[in-house]
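Residue-level structural notes
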2 protein chains.
Amino acid sequence: MESLNVGLVGMGNVGSGTLQILLENSEQLAQKLGIPVKVRAVCSRSIQQKSLPEAAADILRVTDWRDVVNDPDIHVVAELIGGTDVARQVIESALSQGKAVVTANKELMARDGLRLWQAASAASRPLAMEASAAGGIPIHSVLREGIAGDRIDAMAGILNGTCNFILTEMEKAGRGFHDVLAEAQQLGYAEADPSADVDGLDARSKLAILATIAFGCGVPVDDILVEGIRRVSDVDFAYAAQLRHTIRLLCVARMGTEGLSLSVRPTLLPKDAILANVSGSYNAIWVKGAYGQDTFYYGRGAGPLPTGVAVVSDILHAGRELLSGRENRVSPYSFKQLTQYRAAPPESFKQPYYLRFRVENRFGIIADLAAILRDHQIGIDAVGQLPITNWRDLPFVITVEPATEGEIRAAVETMSRLDYLLEPPLVMPMLVRF
Amino acid sequence: MESLNVGLVGMGNVGSGTLQILLENSEQLAQKLGIPVKVRAVCSRSIQQKSLPEAAADILRVTDWRDVVNDPDIHVVAELIGGTDVARQVIESALSQGKAVVTANKELMARDGLRLWQAASAASRPLAMEASAAGGIPIHSVLREGIAGDRIDAMAGILNGTCNFILTEMEKAGRGFHDVLAEAQQLGYAEADPSADVDGLDARSKLAILATIAFGCGVPVDDILVEGIRRVSDVDFAYAAQLRHTIRLLCVARMGTEGLSLSVRPTLLPKDAILANVSGSYNAIWVKGAYGQDTFYYGRGAGPLPTGVAVVSDILHAGRELLSGRENRVSPYSFKQLTQYRAAPPESFKQPYYLRFRVENRFGIIADLAAILRDHQIGIDAVGQLPITNWRDLPFVITVEPATEGEIRAAVETMSRLDYLLEPPLVMPMLVRF
């Protein structure tokens, strides 16, 4: 092999960033791999309308991905179109044509990654997906190589930049959710339909991928408890500040003796926790290993160039694998043999919780709620109320001592039957070191 | 190959941690590599006096490293004895016997790493050294794999846990250097002869290794400007706090158009910089890529188990390389072809500086110093003096606008001739985002 020849399928944000890096950084890439990395073809349905860099003059421009996948001179296909159906076809066809594949596709890899890895193994071709979760943070290679010797006990991450931008703005400026969301949409940080981001679905896909790598079992996406940030209000930031905490959409995976606990939900973090200082559109991941203890990784979670770095790094990785001529490929999941996924029962872990209520004002509310918590054997830590400005919509907060998710859910269900609650209590866990 | 057989040379802190992980975590390690990882032999001159874990009953115990290196059943030799002369012999002999080698030896790899990598290439055997710098932080694999697609512009790290512990304690408790050093020695955090740590030599070796990986040129250790922390006093923390900064021993590498600038020195960091929040014995590295922009890595820099994780991760890496049967090995320096090292001239980069003076009190001091700075075309940012408690030892501070190292050195040399200075000015750069 005299050069590693790459075909890029998809010329959106990530595709353009990848192309720019492959062209501009070609000298260093050749010094790293030992042979040049050449872009042979780029594919986009609207390739004729795209303005490509001047250095791309010699690159084939095609509109049908089959022309990339069937090109005998291409060694690595980068799937950068997103979505699931066509992307899956691109990856499967590329593998069956003997290409290595790299992909930035979180949704597809979260749902079908293990099947695609089987296809890659059968074809004896590398498959890599560093760009599929936490774009600019090289967490895949950290888990696969850097701390592969450790056994991961827990992982907590901020994996959705849009939510983190919204929550950071709400915190800084005391603004409400809808106000900041509208601004984020105007700035292009949030989609017109913001559901994938603000309802936690994007973060859930990323957590599914990272947990599969960290714990070596195939995580079913739908088994992850997910709550978005729509119900978090400026009032909650005011209460959190009183408790010296802030609020972030946190992805958490914890391995217990009985199985794996997975959640994506707004969470109170102590202000001095390293994760609490992750602001704006940055992502971060905190990993707790049985031996190496705490490590922490921080960087840009998205953007054409940071994600492009992940794609190009995977192209180098795939190139090294191809050059090795090995049959026995490195697994994109770090583990070559995955074990059976087991969900931890809801009574596995205890943590403190923050419960925020909105009620019609009347006597005896605290007494009712305290009695319900007592009946569920949940200890009260504090009851807090900021200066009251509106007697008809009276938010107040109870923080409780460590309890299991099952206990909290049962208590909240009982509370929700109280007719003076204007809405069900907002429940957020409070992060403690685990 | 039915199992990957490992020989550990050296049973000190790192050796014991490595052994513990290899024994306890063997199930996951086999799932990751695809075949079991077995410890076949451990070597220490005092192996008979060591109490090894029960699970180590079947492992050969030898006192001569040649018995490990010459054992035909061993595939990977881990050199964990430290020092340079015997360690070099161990590594060279192991490579010539066809073993893969992993090492935790920063001093040796900083000075002779490129030669040993040549020996490894000639023998077509993997050589890996994740544990040689920033123990528990997988920065080698991050640079070699995770962000290999990027081009690094700059890197700043806290790489010596002993210095960071001392500086953090000085900051928290307003204590003096010698006081905290004595405590650190008592606690076993600092050596009886603390020079390697507090004079910055340990950090310098680590920076040489990391800069070689990041920039792809062989960095001569002695070319790195190094200043230790002995002169940093409680007074400096008081002034730094006034400026909303703190002080850390910072390793910095910056690539400019004319070459590489490298330094290890106490540096003022803005309190809200992510590096300023690295406390106690933790290490951290901040990387600035041309494309991926900022990423940040944090974890334990030392300790038997965190460093053991790095060694074991390298053993897996070496195992994958051996299983691939490839001739064309992955370089421990990320680059397969290193380029010529060029030192940046001292006028390459400008940064603000903090100058702290101790003087005999008299009239006209500020006028003298201001005139010298003016003559060297250095702008004054601020002149500060804390409430005076001792008129004979009068510390005060001048912060100056961005200047080159060359300009500052020339001005300070002129200043040092003033007869009322009780000691040469203490010069510390102030970190700005670069």
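Quick notes on the rules
Residues numbered from 1 in each chain as written. Chains lettered and ligands numbered in written order. Predicted model: local features only at pLDDT ≥ 70, side-chain atom pairs only at ≥ 80, totals over all residues. Helix = DSSP H or I, 4+ residues; strand = E, 2+ residues; numbered from the N terminus. Contact = placed C-beta atoms within 7 Å. Nonpolar A, V, L, I, M, F, W, Y, C, P; charged D, E, K, R; others polar. Pairing = 2+ DSSP bridges. Axes fitted to C-alpha atoms, helices over the stretch in contact; angles between N-to-C directions. Parallel < 35°, antiparallel > 145°, perpendicular 65-115°, else oblique. Left-handed = near helix turned anticlockwise from the far one by under 90°. Buried ≥ 20, exposed ≤ 12 C-beta atoms within 10 Å, placed from the backbone. Core = buried A, V, L, I, M, F, W, Y, C linked by C-beta atoms within 7 Å. Domains from an automatic or database assignment. Least-squares fit on C-alpha atoms with pLDDT ≥ 70 in both. Arc of directions from axis to C-beta. pLDDT = per-residue confidence, 0-100.

This brings us to the overall build of chain A. Scanning chain A from terminus to terminus reveals 14 helices and 16 strands. For the C-alpha atoms alone, the extent of chain A along its principal axes is close to 80 × 45 × 35 Å. Across chain A, every contact between residues at least 6 apart in sequence was considered, and the portion connecting residues at least 24 apart equals 75%.

On to the interface of chain B and chain A, then. Chain B puts 53 residues into the contact, and the matching count from chain A is 52 residues. Sorting the residues of the side of chain B that touches chain A by element identifies helix 2 (26–33), helix 6 (139–146), strand 12 (293–300) and helix 12 (304–324) of chain B as the ones contributing at least two each. The element best represented in the side of chain B that touches chain A is helix 12 of chain B, accounting for eleven residues. Classifying every residue of the side of chain B that touches chain A by side-chain character gives 20 nonpolar, 23 polar and ten charged.

A separate point is the sheet that holds strand 6 (residues 127–128) of chain B. All names here are of chain B. Within the open sheet, the six strands sit side by side as 3-2-1-4-5-6. Their pairing is parallel. This sheet does not close on itself; its edge strands, each paired only once, are strand 3 (60–62) and strand 6. Pairing analysis gives four bridges linking strand 4 (residues 76–79) to strand 5 (residues 100–103), with the strands arranged parallel. Of the residues in strand 5, the one forming a bridge with Glu79 is Thr103.

Residue and element names in this part refer to chain B. It is at 9 Å that the axes of helix 4 (residues 85–96) and helix 5 (residues 106–123) come closest, and there the two elements cross at 15 degrees. Between helix 4 and helix 5, the angle falls in the class roughly parallel. Relative to helix 5, the crossing made by helix 4 is right-handed. On helix 5, the residues touching Ala87, Arg88, Ile91, Glu92, Leu95 and Ser96 of helix 4 are Leu108, Asp112, Leu116, Ala119, Ala120 and Ala123.

Moving on to the packing of helix 13 (residues 365–375) of chain B against helix 14 (residues 405–415) of chain B. Residues and elements named next belong to chain B. Where helix 13 contacts helix 14, the two axes come as close as 9 Å, and the packing angle between them is 145 degrees. For the crossing formed where helix 13 meets helix 14, the hand is right-handed. Mapping the contact onto sequence places Leu369, Ile372 and Leu373 in helix 13 and Ala411, Thr414 and Met415 in helix 14. Its residues placed into classes, the contact of helix 13 with helix 14 shows five nonpolar, one polar and no charged.

All names here are of chain A. Burial within strand 7 (residues 152–158) is extensive, with six of its seven residues counted as buried. Both strand 7 and strand 11 (residues 282–289) contribute to a ladder of six bridges, which runs antiparallel. Residue pairing for strand 11: Met155 is matched across the bridge by Val287. Examined bridge by bridge, strand 7 and strand 9 (residues 245–256) share four bridges and lie antiparallel to one another.

Note on soluble globular proteins: their nonpolar side chains tend to be buried together. Grouped together as the largest cluster of nonpolar side chains are 277 residues, with contacts concentrated most on Leu207 and Ala211 of chain A together with Leu207 and Ala211 of chain B. Apart from residues lying up to four places away in sequence, Leu207 of chain A is in contact with Leu159, Ile224, Cys251, Ala253, Leu262 and Val264 of chain A.

Residues and elements named next belong to chain A. Each domain of chain A was delimited in the assignment, giving domain 1 (4–135 + 304–324), domain 2 (140–300) and domain 3 (350–429). Each of domain 1 and domain 2 has a C-alpha centre, and the two are 28 Å apart. Here the element with the most residues in the side of domain 1 that touches domain 2 is helix 5 (residues 106–123); it accounts for seven residues. Along the lines of polarity and charge, the residues of the side of domain 1 that touches domain 2 split into seven nonpolar, three polar and four charged.

All right, on to the relation of the copies chain B and chain A then. For the match of chain B to chain A, the screw axis carries a shift of 0.0 Å, the RMSD comes to 0.0 Å, and the turn is 180 degrees. Such values leave the two copies arranged in the relation of a two-fold axis. Within chain B, the C-alpha atom positioned nearest to the axis of rotation is that of Tyr297 of chain B, 2.4 Å from it. The fraction of interface residues of chain B whose copies in chain A are also interface residues reaches 98%, indicating that both copies meet through the same surface.

With that settled, consider the sheet that holds strand 4 (residues 76–79) of chain A. All names here are of chain A. The parallel open sheet is built from six strands, whose spatial order is 3-2-1-4-5-6. Sheet topology places strand 3 (60–62) and strand 6 (127–128) at the edges, where each strand pairs with a single neighbour. Relative to strand 2 (residues 37–43), strand 1 (residues 4–9) runs parallel, the two sharing six bridges. Bridge pairing links Gly7 to Ala41 in strand 2.

Now for the environment of Asp112 of chain A. If you trace the backbone, Asp112 of chain A turns up in helix 5. Taking C-alpha positions, Asp112 of chain A is 8.6 Å from Arg88 of chain A, a pair spaced 24 residues apart along the chain.

Let us now look at the pairing of strand 13 (residues 350–359) of chain B. All names here are of chain B. Relative to strand 15 (residues 394–404), strand 13 runs antiparallel, the two sharing nine bridges. Pairing of Arg356 across the sheet is with Val397, part of strand 15. Bridge count between strand 13 and strand 16 (residues 426–429): four bridges; the pairing is antiparallel. Paired with Arg356 across the bridge in strand 16 is Leu426.

Below, the discussion takes up unusual backbone geometry. Residue and element names in this part refer to chain B. Even without being a glycine, Ala134 presents a positive backbone phi close to 60 degrees. Here Ala134 lies in the loop between strand 6 and helix 6. The backbone of Gln377 sits at a positive phi, close to 60 degrees, despite the residue not being glycine. In this structure, Gln377 sits in the loop between helix 13 and strand 14 (380–384).

Before going further, it helps to examine the environment of Ala190 of chain B. Residue and element names in this part refer to chain B. Here Ala190 is to be found in the loop between helix 8 (177–187) and helix 9 (195–198). Put simply, Ala190 and Gly161 are 29 residues apart on the chain and 9.4 Å apart in space, counted from C-alpha to C-alpha. Aside from chain neighbours lying at most four places away, what touches Ala190 is Thr162, Leu181, Ala184, Gln185 and Asp197.

This paragraph deals with helix 2 (residues 26–33) of chain A. The periodicity of an α-helix, 3.6 residues per turn, causes residues three or four positions apart to be oriented the same way. Residue and element names in this part refer to chain A. All buried positions along helix 2 are accounted for by Gln28, Leu29, Lys32 and Leu33. For helix 2, the angular spread of buried residues about the axis comes to 125 degrees, placing them on one side. Within two residues after helix 2, Gly34 carries a phi angle of roughly 100 degrees, on the positive side.

A few words on the confidence of the model for chain A. Across chain A, the average pLDDT comes to 94, with 98% of residues at or above 70. The ipTM for the predicted assembly is 0.94, set against a pTM of 0.95.

Take the environment of Arg342 of chain A next. Residues and elements named next belong to chain A. Within the fold, Arg342 resides in the loop between helix 12 (304–324) and strand 13 (350–359). Note on Arg342: 12 C-beta atoms within 10 Å, which makes it exposed. Dropping the residues within four chain positions of it, Arg342 is found in contact with Glu258, Gly259 and Leu260.

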